[in-house]
Amino acid sequence: MTQVRDFEQEFLDKIEKEVKIEARDWMPDAYRKTLIRQISQHAHSEVVGMLPEANWITRAPSLRRKVALLAKVQDEAGHGLYLYSAVETLGAKREDTIDDMHEGRAKYSNIFNYPTLTWADIGTVGWLVDGAAIQNQVMLTRTSHGPYSRAMVRICKEESFHQRQGYEIVMTLAQGTPEQKEMAQDALNRWWWPSLMMFGPSDAESTHSQQSLAWKIKRQGNDELRQEFIDKTVPQAEYLGLTIPDPDLKWNEERGHYDFGKINWDEFLNVIKGNGPMNRSRLRARKAAKDNGAWVREAATAYAEKKAKRKAQSAA
Amino acid sequence: MSTEKTEWPLWEVFIRSKNGLSHKHVGSIHAADAEMAIENARDVYTRRMEGISIWVVESNNIHASNPQDKEAFFDPANDKIYRHPTFYDIPDEVGHM
């Protein structure tokens with residue numbers, strides 16, 4: 001008697017028992033495709049995320065701030081590479097996923113379509129944007145996909161310095177001159193709502209959420225993550241003496257959470273469609289980086305070939 | 001426009017975190033040759049002193065067991081409990097052995 005193996009059932013059993021799915025394990029096509037999309041877009045976000053911060057490296061107000069910002073931007077490049085490495089275990093080619101972004105078939109985090117106008121934005125991005133990213137990424141350390149989970153563990157370890165350096169910048173400004181405090185407040189006003197949007201639409205309207213939760217790619221819904229982030233961040237703003245730009249924000253004793261105002265999802269959709277202040281600039285910069293670096297990659301290949309040939313000749 | 005040749009090959013990266021421990025797989029990296037792979041691996045995987053030694057192996061050269069044959073493949077070890085020390089009855093009076 002031949003026994004027919006039900007690979008899908010074996011896969012679902014592993015998910016049920018919290019056994020991670022590894023590179024060459026059988027997995028449903030849709031699971032693989034969802035992960036390729038999610039992890040590559042996560043990688044693109046790390047890489048595009050370098051642009052708004054790199055904008056301020058040369059103008060950092062002190063050497064201490066400059067080395068920290070440089071190290072942070074370098075980390076983001078590393079984070080992108082850990083994630084591309086995880087994508088490639090799924091059989092996708094890194095350069096194909098990058099071309100998908102450059103040609104508009106794949107996205108990166110919408111938050112990076114906003115500009116970093118002042119030095120206070122660098123602090124606020126570290127505090128809020130990295131803070132929101134950590135919230136999401138800590139959840140993803142428990143994802144069912146092994147390589148993605150391991151990339152997240154590494155990233156989370158490194159990310160906490162990012163948030164602390166950001167908060168320190170905002171704190172210095174908030175405790176500085178009235179003009180400096182005003183700068184910090186202005187940055188908080190502009191970044192607060194886009195940061196809340198980073199968690200994505202409400203679960204009821206999120207197209208991918210349900211299946212991703214069932215497959216344990218995601219372990220918590222968007223609304224839950226957003227609420228946890230708000231609950232954590234409000235006291236941090238209070239400590240700084242800054243005001244979160246939401247008149248409806250208030251502690252709800254009964255729920256044990258902060259209530260907050262309505263998020264403007266029309267703005268989110270409009271920016272994601274390409275109409276944000278920085279969409280065109282970000283894509284232009286990424287494409288230029290790839291095109292202008294092509295000769296370097298070609299030269300390195302030619303040099304490696306030449307070296308290999310020379311080595312073969314001297315061995316002969 | 002870009003007359004780029006094929007992508008740089010993929011290398012698997014293994015790092016020894018300190019003497020006394022084995023190299024451990026940490027991820028992969030693209031590079032034109034082994035020398036560049038080691039330098040790129042240092043920049044990507046050891047920014048916080050995670051290693052004192054790096055191995056890189058071109059991914060093409062990794063051969064692996066097939067996860068779908070896992071049961072049959074590892075089965076021979078499964079029923080040999082006599083390979084484990086607890087299989088043997090030694091009286092407590094004998095002491096730790």
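The coordinates are above.
Model, not experiment: these values are computed from the prediction.

Visitor: So what exactly am I meant to see when it comes to the overall build of chain A here?
Guide: If you tally the helices and strands in chain A, you get 13 helices and two strands. Taking the principal axes of its C-alpha atoms as reference, chain A extends roughly 75 × 60 × 35 Å. The 316 residues of chain A split such that 51% are buried. Restricting the contact set of chain A to residue pairs at least 6 apart, pairs at least 24 apart contribute 77%. Averaged over its 45 positive side-chain charges, chain A has a centre that lies 8 Å from the centre of its 44 negative ones.

Visitor: Whenever I open this one, the overall build of chain B confuses me. Can you help?
Guide: Helix and strand counts for chain B stand at two helices and three strands. Reading chain B from its N terminus to its C terminus gives the helix and strand order β-β-α-β-α. Against the globule reference of 13 Å for 97 residues, chain B gives a C-alpha radius of gyration of 22 Å, more extended than a compact globule. Residues classed as buried in chain B amount to 24% of the 97 residues present.

Visitor: Sorry if this is basic, but what is going on with a nonpolar patch on the surface here?
Guide: Taken together, the side chains of B:Ile81, B:Tyr82, B:Phe87, B:Tyr88, B:Ile90, B:Val94 and B:Met97 define a hydrophobic patch exposed on the protein surface, amounting to about 760 Å² of accessible area. On the secondary structure map, B:Phe87 appears in the segment after α2 (70–74).

Visitor: Looking at this structure, how should I read the interface of chain A and chain B?
Guide: Where interface size is given, it is often the accessible area lost as the parts come together that is meant. Of the residues lining the interface, 29 residues belong to chain A; the matching set on chain B comes to 27 residues. In total, about 2,400 Å² of surface goes out of reach between chain A and chain B, with carbon and sulfur atoms giving 46% of it. For the chain A face of the interface with chain B, the top three residues by lost area are A:Arg24, A:Arg154 and A:Glu298, together amounting to 22%. Linking chain A with chain B are eight salt bridges. Two residues, B:Glu50 and A:Arg154, come together in a salt bridge whose shortest N-O distance is 3.7 Å.

Visitor: Looking at this structure, I do not really get the layout of surface pockets. What am I missing?
Guide: The gaps left among the atoms become clear once a water-sized probe is rolled over them. Roughly 1,500 Å³ of internal volume is contained in the largest pocket. Of all elements in the fold, only α4 (63–88) and α7 (146–174) of chain A together with β1 (10–16) and β2 (24–30) of chain B reach the threshold of two or more residues within the lining of the largest pocket. Counting residues per element, the lining of the largest pocket draws most heavily on α7(A), at seven residues. Roughly 1,200 Å³ of volume is contained in the second largest pocket. Contributing to the lining of the second largest pocket are 42 residues, with A:Gln41, A:Ser109, A:Asn136, A:Met198 and A:Gly200 lying nearest its centre.

Visitor: Honestly, the sheet that holds β2(B) in this entry has me stumped. Any pointers?
Guide: Each strand in a sheet pairs with its neighbour through backbone hydrogen bonds, running either in the same direction (parallel) or in the opposite one (antiparallel). Residue and element names in this part refer to chain B. The strand order across the open sheet formed by three strands is β2-β1-β3, and the pairing between neighbours is antiparallel. For this open sheet the edge positions go to β2 and β3 (53–58), each flanked by a neighbour on one side alone. Pairwise comparison of adjacent strand axes, ignoring direction, gives a mean angle of 30 degrees for this sheet. Bridge count for β1 against β3 is six bridges, and the pairing is antiparallel. Bridge pairing in β3 places Phe 14 opposite Trp 55.

So, how was this worked out
- Residues numbered from 1 in each chain as written.
- Chains lettered and ligands numbered in written order.
- Predicted model: local features only at pLDDT ≥ 70, side-chain atom pairs only at ≥ 80, totals over all residues.
- Heavy atoms only, no water.
- Helix = DSSP H or I, 4+ residues; strand = E, 2+ residues; numbered from the N terminus.
- Buried < 20%, exposed > 50% of the residue type's maximum accessible area, 1.4 Å probe, protein only.
- Contact = heavy atoms within 4.5 Å.
- Lys, Arg positive; Asp, Glu negative; His and termini not counted.
- Charge placed at Lys NZ, Arg CZ, Asp CG, Glu CD.
- Rg over C-alpha atoms; globule rule 2.2 N^0.38 Å.
- Patch = residues over 30% accessible without salt bridge, like charges linked within 9 Å, V, L, I, M, F, W, Y side chains within 5 Å.
- Areas by Shrake-Rupley, 256 points an atom, 1.4 Å probe, with all protein chains shown as cover.
- Salt bridge = Lys/Arg side-chain N within 4 Å of Asp/Glu carboxyl O.
- Buried area = accessible area lost by both parts, 1.4 Å probe.
- 1 Å grid on protein atoms, 1.4 Å probe; cavity = no way out; pocket = protein on both sides within 12 Å on 5 of 7 lines; lining within 4 Å.
- Points joined across faces, edges and corners; volume = space filled by probe spheres on them.
- Pairing = 2+ DSSP bridges.
- Axes fitted to C-alpha atoms, helices over the stretch in contact; angles between N-to-C directions.

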